[in-house]
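Here is how the chains run, residue by residue.
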Amino acid sequence: SFRKNNVDIKLNPKPSWNLILDIGAAQLDLNLINYRIDTAKIESGAASMNIKIGELNPLTVMTFDAGASSINVEVPKNSGCRISSDSFLVSKNFEGFDRTGDHNYQTSNFASAKNKIFITVKTAVSSINVKRY
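Residues numbered from 1 in each chain as written. Predicted model: local features only at pLDDT ≥ 70, side-chain atom pairs only at ≥ 80, totals over all residues. Heavy atoms only, no water.

Asks: Outline the pattern of salt bridges, listing residues and values.
Replies: Under the defined criterion, the tally for this structure stands at one salt bridge. Note that lysine 41 and glutamate 43 form a salt bridge whose closest N and O atoms lie 3.5 Å from each other. (Salt bridge = Lys/Arg side-chain N within 4 Å of Asp/Glu carboxyl O.)

Set out below in structure tokens:
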């Protein structure tokens, strides 16, 4: 028989958070718009991830180390964002980003934005979508 496990976690909105998640084969839905995220390190196998980052922190650093995964990240339009993607056999869609090097992309407002988000993606056979809201 198939078992389904759901975990709902609520965070205190006052501190700044450093998240380390090892999710294996799972679905991850994170709405972090109301939290100050300093770092988020997410490791996964075959996972489906949907993550929405807010603009409460001046600097957020996210790292994805994934196998065959679907990664969807939403970042605020007011924040500058830089993506470094060292991946192979990957479908990439970085809506609103300009390519700045072999594996680097950033928003046009990166230099002038008050808040900055750095995303590093290391994946194998995956789909990666980053869009601005």
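After that view, the rundown keeps rolling.
Asks: Talk me through the packing of aromatic side chains; I want residue IDs and the actual numbers.
Replies: Applying the stated criterion across every chain yields a total of three aromatic pairs. Ring plane angle 65 degrees and centroid distance 6.3 Å describe the contact between phenylalanine 94 and phenylalanine 97, whose orientation is recorded as edge-to-face. Phenylalanine 97 carries the same exposure label as phenylalanine 94, and that label is buried. Arranged with centres 5.5 Å apart and planes meeting at 85 degrees, the rings of phenylalanine 110 and phenylalanine 118 form a pair that is edge-to-face. Put simply, the rings of Phe94, Phe97 and Tyr105 touch in pairs and so form one group of aromatic residues. A cation over an aromatic ring shows up here: lysine 52 above the ring of tyrosine 133, its NZ or CZ 4.4 Å from the ring centre. (Phe/Tyr/Trp six-rings, centres within 6.5 Å; stacked < 30°, edge-to-face > 60°. Buried < 20%, exposed > 50% of the residue type's maximum accessible area, 1.4 Å probe, protein only. Lys NZ or Arg CZ within 6 Å of the ring centre and 35° of its normal.)

Asks: Pulling in residues and values, what's your account of the nonpolar core?
Replies: Met49, Ile51, Phe64, Ile119 and Val130 are the most contacted members of the largest nonpolar core, which totals 29 residues. If we skip the residues at most four places from it in the chain, isoleucine 51 touches Leu28, Leu30, Leu32, Ile42, Met62, Phe64, Asn72, Val73 and Glu74. (Core = buried A, V, L, I, M, F, W, Y, C linked by side-chain atoms within 4.5 Å. Contact = heavy atoms within 4.5 Å.)

Asks: I'd like a description of the pairing of strand S6 (residues 70-75), backed by residues and values.
Replies: Here S6 shows one buried face, formed by Ile71, Val73 and Val75, and one open face, formed by Ser70, Asn72 and Glu74. In terms of strand pairing, strand S4 (residues 48-53) meets S6 through five bridges, oriented parallel. What sits directly across from isoleucine 51, in S6, is valine 73. Here S6 pairs with strand S12 (residues 126-132) via six bridges, running parallel. For isoleucine 71, the partnering residue across the bridge sits in S12 and is isoleucine 128. (Helix = DSSP H or I, 4+ residues; strand = E, 2+ residues; numbered from the N terminus. Pairing = 2+ DSSP bridges.)

Asks: I'd like a rundown of the layout of surface pockets, residues and numbers included.
Replies: Roughly 770 Å³ of internal volume is contained in the largest pocket. Val7, Asp8, Gln27, Leu28 and Asp29 are the residues nearest the centre of the largest pocket, which is lined by 22 residues in total. Put simply, the parts of the chain that give the lining of the largest pocket at least two residues each are strand S1 (16-22) and strand S2 (27-32). For the lining of the largest pocket, the per-class residue count stands at 13 nonpolar, four polar and five charged. (1 Å grid on protein atoms, 1.4 Å probe; cavity = no way out; pocket = protein on both sides within 12 Å on 5 of 7 lines; lining within 4 Å. Points joined across faces, edges and corners; volume = space filled by probe spheres on them. Nonpolar A, V, L, I, M, F, W, Y, C, P; charged D, E, K, R; others polar.)

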